[in-house]
Amino acid sequence: MISCDEAALICNKSQYHEASVSEKIKLKLHILFCSTCKSFSRKNKQLSSLFEKAKLIVLSDAAKEDLKQKLRDNL
Amino acid sequence: MKPRQLEPDSWVDAHADYLFNYAISRVSDQEIAKDLIQDTFIAALKSAENYKGKASERTWLISILKRKIIDHYRRINSKKGKAEVRRNYKSSSENEGDWLEEQVADPGSITENDAIENKELGLAIQACIDLLPVNQRRVFTMKTVRGLATEDICKELDINPSNLWVMIHRARTALMGCLNKNWFTL
C-alpha cells in the first residue's frame, strides 16, 4: 500500500500523462480506501480540464526581455 | 503623497502574462496583442505621475490596455472604411417586416457563450497563477501552460524531478483554493 504523499505524486504525474500503468493501478487501489486522496484526485482532474478549456498562453522569455528593454529605453 | 518608485522590470514579470491573455481574448492575434501590451506599458510609464495609487497597479494597466484596444479597432476600421452592416432584403418578399425576428439569437446555439466563458476562465486562472510564489509560478507555467517536458525543465532550472513535482503539487493545491474562492466549484 502506498502513502498519501506517493498517491498525490502519481496523481499529479498522471495530469501530465507521466504516470506509468503500474503507478496508476497503485493509485486506484489507494483511492478505494482513502477518501482524502479520492477527493484530491477528483479536484486535480477538474483543474486539468479547466486548464484545457482556458487555452492559456504566455509570452516567451525572449519577448518579455524585449519588452523590458523597450521600457528601459523609454524611461 | 510620495511618488511611487517605478519598476518596469517587475511590472513585466507581474502583469505581462495577464495583460497578454486579456489582449488576445479581444484581438485574437498574438502579434497585435504583443504590440498592444508594449504600447500599454510605455503609455503607463509616460503617465505614471498620473497614477495616484488609488487603483491596484493591474487595474490601472488594464484600463490603459482597454483604451489601446479601442484605438486599435478604430485604426483598422478607418483603414477599411467605415464598418458597415448590410443585409439584403428582397423588396417585396413575404418576409418583409420579419427582420427583427430574424435577428433573434438562436437559443440552441451555445458556442458563443462558451467562448466568452473560456476567456473569463482563462483570465481567472491567470490571476491565480500570478499569486503563486515566483518559483512555483515559473515551474508550473513551464509545465502546464508551455507544456515542456519534465526533463527539459529540470535541466533549464537545474533542479531534480522530485523538486519539480513538489512545486507542481504546491502550485496545483494553491490554484484549487484560489479558483474555488473565485467562483469555480472544484
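Residues numbered from 1 in each chain as written. Chains lettered and ligands numbered in written order. Predicted model: local features only at pLDDT ≥ 70, side-chain atom pairs only at ≥ 80, totals over all residues.

## Overview of the overall build of chain B
- Check the secondary structure of chain B and you find eight helices and zero strands.
- For chain B, the succession of helices and strands along the chain, N to C, is α-α-α-α-α-α-α-α.
- Counting the 186 residues in chain B, one finds 22% classified as buried.
- The contacts of chain B with a sequence gap of at least 6 include a subset with a gap of at least 24, amounting to 62%. (Helix = DSSP H or I, 4+ residues; strand = E, 2+ residues; numbered from the N terminus. Buried ≥ 20, exposed ≤ 12 C-beta atoms within 10 Å, placed from the backbone. Contact = placed C-beta atoms within 7 Å.)

## Overview of the overall build of chain A
- For chain A, the count of helices and strands is four helices and zero strands.
- Counting from the amino terminus, helix and strand elements in chain A follow one another as α-α-α-α.
- A compact globule built from 75 residues would reach a C-alpha radius of gyration of about 11 Å, whereas chain A, at 19 Å, exceeds it by more than 25%.
- Its C-alpha atoms give chain A principal-axis dimensions of about 60 × 20 × 20 Å.
- Out of the 75 residues belonging to chain A, those deemed buried represent 25%. (Rg over C-alpha atoms; globule rule 2.2 N^0.38 Å.)

## Considering the nonpolar core
- Core analysis: the biggest nonpolar cluster contains 24 residues, and Ala7(A), Ala8(A), Cys11(A), Ile125(B), Val139(B) and Ile168(B) have the highest contact counts within it.
- Contributing elements (two or more residues each) for this core: helix H1 (4-15) and helix H3 (35-54) of chain A together with helix H5 (111-130), helix H6 (134-145) and helix H8 (161-181) of chain B.
- Examining the composition of this core, we find that seven residues originate from one element, H8(B), more than from any other.
- With near-sequence residues (within four places) excluded, Ile125(B) lies in contact with Leu50(A), Phe51(A), Ala54(A), Leu56(A) and Leu179(B). (Core = buried A, V, L, I, M, F, W, Y, C linked by C-beta atoms within 7 Å.)

## What about the confidence of the model for chain B?
Residues and elements named next belong to chain B.
- Averaged over every residue, the pLDDT of chain B is 81; the share at 70 or more is 76%.
- No element of chain B has a lower mean pLDDT than helix H4 (residues 99-103), at 62, and none a higher one than H8, at 94.
- At the level of chain-chain contacts, confidence expressed as ipTM amounts to 0.88, with global pTM at 0.75. (pLDDT = per-residue confidence, 0-100.)

## Some remarks on helix H1 (residues 8-27) of chain B
All names here are of chain B.
- If you check H1, its first and last C-alpha atoms are just 24 Å apart, much less than what 20 residues at 1.5 Å a residue would give, namely 28 Å.
- Along H1, the largest kink reaches about 55° and is centred on His 15.
- Positive phi shows up at Ser 28, right after H1, with a value of about 50°. (Expected span 1.5 Å × (residues − 1). Bend = angle between axes of the 7 residues up to and from the residue.)

## Examining the environment of Leu27(A)
Residues and elements named next belong to chain A.
- Its place among the elements puts Leu 27 in helix H2 (residues 21-33).
- Linking Leu 27 and Ile 2, residues 25 residues apart in sequence, is a C-alpha distance of 7.9 Å.
- Once you skip the residues sitting within four places of it in the chain, Leu 27 turns out to touch Ala 7, Ile 10 and Cys 11.

## Concerning the interface of chain B and chain A
- Contacts between the two partners involve 32 residues from chain B and, on the opposite side, 27 residues from chain A.
- Contributions of two or more residues to the side of chain B that touches chain A are made by H1, helix H2 (30-46), H5, H6 and H8 of chain B.
- Among the elements that line the side of chain B that touches chain A, the one with the most residues is H1(B), at eight residues.
- Here the residues of the side of chain B that touches chain A are counted per class, giving 17 nonpolar, nine polar and six charged. (Nonpolar A, V, L, I, M, F, W, Y, C, P; charged D, E, K, R; others polar.)

## Let's talk about the packing of H1(A) against H3(A)
All names here are of chain A.
- Direction vectors running N to C along H1 and H3 enclose 20°, while the axes themselves pass 10 Å from each other. Classed by the angle they form, the pair H1 and H3 counts as roughly parallel. The handedness of the crossing between H1 and H3 is right-handed. Along its contact with H1, which presents Cys 4, Ala 7, Ala 8, Cys 11, Asn 12 and Gln 15, the element H3 presents Thr 36, Cys 37, Phe 40, Ser 41, Asn 44 and Ser 48.
- Grouping the amino acids of the contact of H1 with H3 by side-chain chemistry returns six nonpolar, six polar and no charged. (Axes fitted to C-alpha atoms, helices over the stretch in contact; angles between N-to-C directions. Parallel < 35°, antiparallel > 145°, perpendicular 65-115°, else oblique. Left-handed = near helix turned anticlockwise from the far one by under 90°.)

## Concerning H6(B)
Residue and element names in this part refer to chain B.
- In this model, H6 (twelve residues) spans 15 Å end to end at C-alpha, consistent with the 16 Å of a helix rising 1.5 Å per residue.
- What H6 keeps buried is the set Val 139, Phe 140, Met 142, Lys 143 and Thr 144.
- Trailing H6 by a residue or two, Gly 147 shows a phi angle of about 65°, which is positive.

## A look at the environment of Tyr16(A)
Residue and element names in this part refer to chain A.
- Take Tyr 16: it is sitting in the loop between H1 and H2.
- The class for Tyr 16 is partly exposed, based on 15 C-beta atoms found within 10 Å.
- Spatially, the C-alpha atom of Tyr 16 lies 21 Å from that of Thr 36, the residues being 20 residues apart in sequence.

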